[in-house]
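Each chain is listed here by its residues.
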Protein chains: 2
Amino acid sequence: MVTLRDVAKEAGVSAATASLALNNSDKVNIDTLKKVQKIARELNYIPDARAKALTKKSTKIIGLVVPEINNPFFADLAQAIKMKLNESDYSIILCGTQNDPKEEKKYIDMFRSGMVDGAIFTCLTEVNNSFITELASNHIPVVYIDRIGDDGGIIPIVKSNLKDGGYQITRHLIKLGHKKIAYIGRKDEERYAGFKDAMLEFGCEINKDYIFDKYHAFESGVKAGFMLNNLEDKPTGIICFNDETAIGLMQTLIKFDFNIPKDFSVCGIDNIDVAKYYSPSLTTIDIPKKKMGKKAAEILLKLIAGKEVEKEDYFINYQVKLIERDSSSKLE
Amino acid sequence: MVTLRDVAKEAGVSAATASLALNNSDKVNIDTLKKVQKIARELNYIPDARAKALTKKSTKIIGLVVPEINNPFFADLAQAIKMKLNESDYSIILCGTQNDPKEEKKYIDMFRSGMVDGAIFTCLTEVNNSFITELASNHIPVVYIDRIGDDGGIIPIVKSNLKDGGYQITRHLIKLGHKKIAYIGRKDEERYAGFKDAMLEFGCEINKDYIFDKYHAFESGVKAGFMLNNLEDKPTGIICFNDETAIGLMQTLIKFDFNIPKDFSVCGIDNIDVAKYYSPSLTTIDIPKKKMGKKAAEILLKLIAGKEVEKEDYFINYQVKLIERDSSSKLE
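What counts, and at which threshold
- All residue numbers here refer to positions counted from 1 along the written sequence of the relevant chain.
- Chain A is the first chain written and ligand 1 is the first ligand written, with later ones labelled in order.
- Totals for whole chains, interfaces and linings use all residues, but because this is a predicted model, local features are given only for residues with pLDDT of at least 70 and pairs of side-chain atoms are given and counted only at 80 or more.
- Hydrogens are left out, water is left out, and the side-chain values use all remaining heavy atoms of the structure.
- Here, a strand pair is defined by DSSP locating no fewer than two bridges between the strands.
- Numbering of helices and strands starts at the N terminus; helices are DSSP runs of H or I of at least 4 residues and strands are runs of E of at least 2.
- Angular values range over 0 to 180 degrees, each being the angle between N-to-C directions of two axes fitted as lines to C-alpha atoms, with helices fitted over their stretch in contact.
- By definition, residues are in contact when any of their heavy atoms lie within 4.5 Å.
- To sort the angles, those under 35 degrees are grouped as roughly parallel, those over 145 as roughly antiparallel, those from 65 to 115 as roughly perpendicular, and the leftovers as oblique.
- We call a crossing left-handed when the near helix sits turned anticlockwise from the far one by less than a right angle, and right-handed when that turn is clockwise.
- Disulfides are defined in this document as cysteine sulfur pairs within 2.5 Å.
- Using a 1.4 Å probe on the protein chains alone, a residue whose accessible area is under 20% of its type maximum counts as buried, one over 50% counts as exposed, and one in between counts as partly exposed.
- For the least-squares superposition of copies, only C-alpha atoms count, and only for residues with pLDDT at least 70 in both.
- By convention in these notes, a salt bridge is any Lys or Arg side-chain nitrogen within 4 Å of a carboxyl oxygen on Asp or Glu.
- Put simply, buried area is how much 1.4 Å-probe accessible surface two parts lose in total, over both of them, once they are put together.
- In the analysis that follows, any N or O atom pair within 3.5 Å is treated as a polar contact, provided that within protein one partner can donate a hydrogen and the other can accept it, and provided that, for residues neighboring in sequence, both atoms belong to side chains.
- Residue ranges assigned to each domain were obtained from an automatic or database domain assignment.
- Stacked, tilted and edge-to-face pairs are distinguished by plane angle, under 30 degrees for stacked and over 60 for edge-to-face with tilted covering the rest, among Phe, Tyr and Trp rings (Trp via its six-membered ring) whose centres lie within 6.5 Å.
- Charge over a ring is defined by NZ of Lys or CZ of Arg lying within 6 Å of the ring centre and within 35 degrees of the ring normal.
- By convention, a crossover is right-handed whenever its connection, traced from the first strand over the helix to the second and viewed with the strands pointing away, goes clockwise.

## Focus on the sheet that holds strand β7 (residues 211-213) of chain A
All names here are of chain A. Spatial ordering of the open sheet is given by β7-β6-β8-β9, a layout of four strands whose pairing is parallel. The sheet is open, and its two edges are formed by β7 and β9 (265-267), each paired on a single side. Direction aside, the axes of adjacent strands within the sheet are offset by 10° on average. Bridging between strand β6 (residues 181-185) and β7 involves three bridges; their strand directions are parallel. By the bridge assignment for β7, Tyr 183 is matched with Ile 211. Running over the sheet, helix α10 (residues 218-230) touches β6, β7 and β8 (237-240) and is turned about 150° from β7.

## Description of the packing of helix α8 (residues 162-175) of chain A against helix α9 (residues 190-201) of chain A
All names here are of chain A. In the contact formed by α8 and α9, the axes pass within 6 Å of each other and the chain directions differ by 40°. As summarised for this structure, α8 and α9 are arranged oblique, according to the angle between their axes. When the axes of α8 and α9 are compared, the crossing they make is right-handed. On the side of α8, the interface is formed by Leu 162, Lys 163, Gly 166, Tyr 167, Thr 170, Arg 171 and Ile 174, while α9 contributes Glu 190, Arg 191, Ala 193, Gly 194, Phe 195, Asp 197, Ala 198, Met 199 and Glu 201.

## Considering the state of the cysteines
Taken as a whole and assessed by the stated rule, the structure comprises zero disulfides over all chains. With no disulfide partner, Cys 267 of chain A has as its closest neighbouring cysteine sulfur the one in Cys 240 of chain A, 8.2 Å distant. Just so you know, Cys 204 of chain B is unpaired, no disulfide at all, and the nearest cysteine sulfur is the one on Cys 267 of chain B, 14 Å from it. A relative accessible area of 10% places Cys 204 of chain B in the buried class.

## Overview of the relation of the copies chain B and chain A
Each copy superposes on the other: chain B lies on chain A with an RMSD of 0.2 Å after a rotation of 180° and an axial shift of 0.0 Å. Both copies of the chain, as the preceding transformation shows, are related through a two-fold rotation axis. Among all C-alpha atoms of chain B, that of Leu 94 of chain B lies closest to the rotation axis, at 2.3 Å. Here 100% of the interface residues in chain B have copies in chain A that are interface residues too; the copies meet face to matching face.

## Quick look at the pattern of salt bridges
Within this structure, the stated rule accounts for 34 salt bridges over all chains. Between Asp 89 of chain B and Lys 106 of chain A there is a salt bridge whose closest N-O contact spans 3.6 Å. Of the two residues, Asp 89 of chain B sits in the loop between α5 (72-86) and β2 (91-96) while Lys 106 of chain A sits in helix α6 (residues 101-115), which places them in two different chains. A relative accessible area of 47% means that Asp 89 of chain B is categorised as partly exposed. Taken together, the shared-partner salt bridges in this structure form one network comprising Lys 84, Glu 87, Lys 295, Glu 298 and Asp 313 of chain A.

## Quick look at the interface of chain B and chain A
Contacts between the two partners involve 29 residues from chain B, matched on the other side by 29 residues from chain A. Both faces combined, the contact of chain B with chain A buries some 2700 Å², and carbon together with sulfur accounts for 56% of it. It is Ile 69, Gln 98 and Tyr 277 of chain B in chain B that bury the most area against chain A; as a group they hold 23% of the surface buried on that side. In this structure, the connection of chain B to chain A is made through 15 residue pairs in polar contact (both at pLDDT 80 or more). Mapped by element, the contributors of at least two residues to the side of chain B that touches chain A are α5, β2, α6 (101-112) and α12 (273-277) of chain B. Considering every element that reaches the side of chain B that touches chain A, the biggest residue donor is α5 of chain B, with seven residues.

## Brief notes about the domain arrangement of chain A
Residues and elements named next belong to chain A. Along its sequence, chain A is carved into domain 1 (4-47), domain 2 (59-160 + 289-318) and domain 3 (162-287). Its C-alpha centre places domain 1 at a distance of 25 Å from the equivalent point of domain 2. Buried area between domain 1 and domain 2, both sides added, is near 550 Å², and the carbon and sulfur share of it is 41%. Looking at the side of domain 1 facing domain 2, the largest losses of area belong to Leu 22, Asn 24 and Arg 41, adding up to 51% of the total buried there.

## Considerations on the packing of aromatic side chains
The way to describe two aromatic rings as a pair is by their centre distance and the angle between their planes. As enumerated under the stated definition, the model contains 18 aromatic pairs over all chains in all. When the ring centre of Phe 241 of chain A is taken as origin, the NZ or CZ atom of Arg 191 of chain A, which lies over that ring, is 3.7 Å away. The cationic tip of Lys 105 of chain B hangs over the ring face of Phe 131 of chain B; the distance from NZ or CZ to the ring centre is 4.4 Å.

## What to know about the pairing of strand β3 (residues 118-121) of chain B
Residues and elements named next belong to chain B. On β3, burial covers both faces: Gly 118 and Ile 120 on one face and Ala 119 and Phe 121 on the other are all buried. Direction of pairing for strand β1 (residues 61-66) relative to β3: parallel, over a ladder of four bridges. Across the sheet, residue Val 65 finds its bridge partner in β3, namely Phe 121. The sheet contact formed by β3 and strand β4 (residues 142-145) spans three bridges and is parallel. Paired with Ile 120 across the strands is Val 143, a residue of β4. With helix α7 (residues 129-138) bridging β3 and its parallel neighbour β4, the resulting β-α-β unit is right-handed.

Right, here's the structure in full:
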């Protein structure tokens, strides 16, 4: 176990200076600060969280970074986290990146400056992972939700089995007789891997005209609707990255006078409230967002208090569930 | 015009000390700080915003305080504000109070500490108005959305004509033949005043069994559904505080096997996206939330930059519009 003294010795400074440097204090000159932080990273120094919690000025605020603030999935997740944190007198601030890594980086810098006691990141990008790892190593505890880190186990991950979600929803359409299935989402992601697995297992061909990459919001669904309308040889089943995309898509297809599910069986993933009440109601995959939010908040509070987090809580992969509704039906 | 020097003189300190005190600096002892701030308030001292913007450390972050983070109305409002702020490289942090003034106070304190360059408050409570006025007078520019201040004109207000909204939706039901109309919302608010005006104007009696006070979220709508189900003499028309409440109510009434609109004509206020796609689609009042968010952001950016805000922009009351859909129909 590398100690603060090891870092200080290697950097040729006192333990007090090393501590200040690791806490980004402006009492240390910037070159020393950078040097100490670099050595800490190289030595893989992990500060004693308990000691840190005791000495650090607490703000009683948690930062929650989400890709889209107006997607009900994240609003519900935020609400679940907020409910759990409120029990301990913590507040959250919700930071929306609009899927822009530059926006995310701004929030990371803001968190580094001591504005929050801990942070939860939910965005499916990996661009800023090294900055977040540095944040978690030297500044505040961090928990990931549905995000994969490359930090060697510093940041606990609470996720849902989205690969199985992609698999289950694809199998659902195949069992209804669909073979020509479109995927409107992201190719670099678990859901797509599950889709591919199911298509392969049941001997369905993946038509690259039916694969839409980087489509993952309401507006993308609208855009995909226009593109599908222009396709000569249309798919009969459509899987969307999330319910928001599916609703944008259905709205557009209905405007073009298509019937859902007769002309297209459309499926989402997430199971936001509106999926149930939309007309037609949306077949989707239920993600246990309340459970995930609560668990992530629990783990973060433990880390902030300097308490031990159990090993199995460093990687949690919740099961997901198919919800069959009116937007998908047997191929006629 | 009261100057900094006037405040300093009255407090018996130097202008520099007065300035530090007004910026909540920890370089001033707490008694002096309090004394200076008290005198500044008494003299109604308004700092030179331009000078302040130039000397203050900018965080490029705006705080947005909303009562419910998982109400799509506020998510859409937040999105509109974010879009406008992004043009100027500003980020927002979204702070949800769950309608709890104590939560709101925590965010006010957080903003006082220099965490943000400006703030927008959208919660319909007045409990913390004096703290927000102090925040706006001495620390950062503030804009209100749909909130009434008692600050003597320091904080610009961007609102919509909710009183007319309450009036229009009530008149809509009365014209459909309804006389027994319930109001599920808040009695201390504009919408209710508009409801009362219309009821009076068209000679309809207000039955106090039909007035539900402090009902303004999805769960309240559910609760109201149970209570209406138990009422012997039921209303035929129901006006809800917002669409979320209306959806909670409709969901519950449908579970009790009532038909909407045959058994009850139900109306909301806000016109969130789901109102259109819900089954039955919801009659409601359209609030121009995008326009309001954009305008509030514009005004705030001007204040932060120390630019002059036009007098008429200190109180904007946007028109609202009735949207007739399937959830309301002629009384049979």
